[in-house]
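Below, each chain spelled out in residue letters.
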Amino acid sequence: MAQSMEHIADIGIQVSGYTLQELFKNSLREMAQILKEGCCDTIDHYDCSMRIVISSNDTTCLLIDFLSDVLALSYIQKTLFCHVYFSELSATKVDAQLYGIWFDQFDEEIKGVTYHEAAISRNAQGCLETNIIFDL
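The structure displayed is predicted, hence computed values, not measured ones. (Residues numbered from 1 in each chain as written. Predicted model: local features only at pLDDT ≥ 70, side-chain atom pairs only at ≥ 80, totals over all residues. Heavy atoms only, no water.)

Draft legend 1. Structural context of the pattern of salt bridges. The tally for this structure, following the rule as stated, stands at four salt bridges. Its salt-bridge partner being D95, residue R51 comes within 2.6 Å of it at the nearest N-O pair. Of this pair, R51 sits in strand β2 (residues 48-55) while D95 sits in strand β4 (residues 93-102), and the two are 44 residues apart along the sequence. Of the charged contacts in the structure, one is a salt bridge between K93 and E88, with a shortest N-O distance of 3.6 Å. (Salt bridge = Lys/Arg side-chain N within 4 Å of Asp/Glu carboxyl O. Helix = DSSP H or I, 4+ residues; strand = E, 2+ residues; numbered from the N terminus.)

Draft legend 2. Layout of the packing of aromatic side chains. The final tally for this structure, using the stated rule, is five aromatic pairs. Between Y46 and Y99 the ring centres are 5.9 Å apart and the planes differ by 50 degrees, which places this aromatic pair in the tilted class. Of this pair, Y46 sits in the loop between α1 (20-35) and β2 while Y99 sits in strand β4, placing them 53 residues apart in sequence. Taking relative accessible area as the criterion, Y46 reaches 37% and is therefore assigned partly exposed. (Phe/Tyr/Trp six-rings, centres within 6.5 Å; stacked < 30°, edge-to-face > 60°. Buried < 20%, exposed > 50% of the residue type's maximum accessible area, 1.4 Å probe, protein only.)

Draft legend 3. Highlighting the pairing of strand β3 (residues 79-89). Strand direction decides the pairing type here: β3 and β4, joined by nine bridges, are antiparallel. Each residue of the ladder has a partner; that of V84, found in β4, is L98. Following β3, the chain reverses through three residues before pairing antiparallel with β4. (Pairing = 2+ DSSP bridges.)

Draft legend 4. Spatial organisation of the environment of L23. Along the chain, L23 falls in helix α1. Linking L23 and F81, residues 58 residues apart in sequence, is a C-alpha distance of 16 Å. Among all residues touching L23, those that are not within four sequence positions of it are V15, S16, G17, L63, I120, L128, E129 and T130. (Contact = heavy atoms within 4.5 Å.)

Put into structure tokens, the structure is as follows:
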């Protein structure tokens, strides 16, 4: 009789920014870095643009929901989103325009963005920071 074994792989990042916009932008770029290493560093044009609107109960949930929705769009559109412009960004709502480039294949597959260890807080230098765990 065979015994099933689960293998859970994940990668964690620590992201910071002096403003909420910086924190969200840096989180987006770090997720893109996992999907396709170094790709956002060499972009000179964008292939597509998509609007995303999300509401959530608090800022931490909003960030995780934002990244989760962008991740889903990345796989659906086969696009690596490297830049975002915020029409609105508050503690509970994001209205943003995503800019990305098309890709056939990513370096790493991210299955999901978890709420585990995510908690936005201000550090001693006044910078917002959080940990984000991605399920691979």
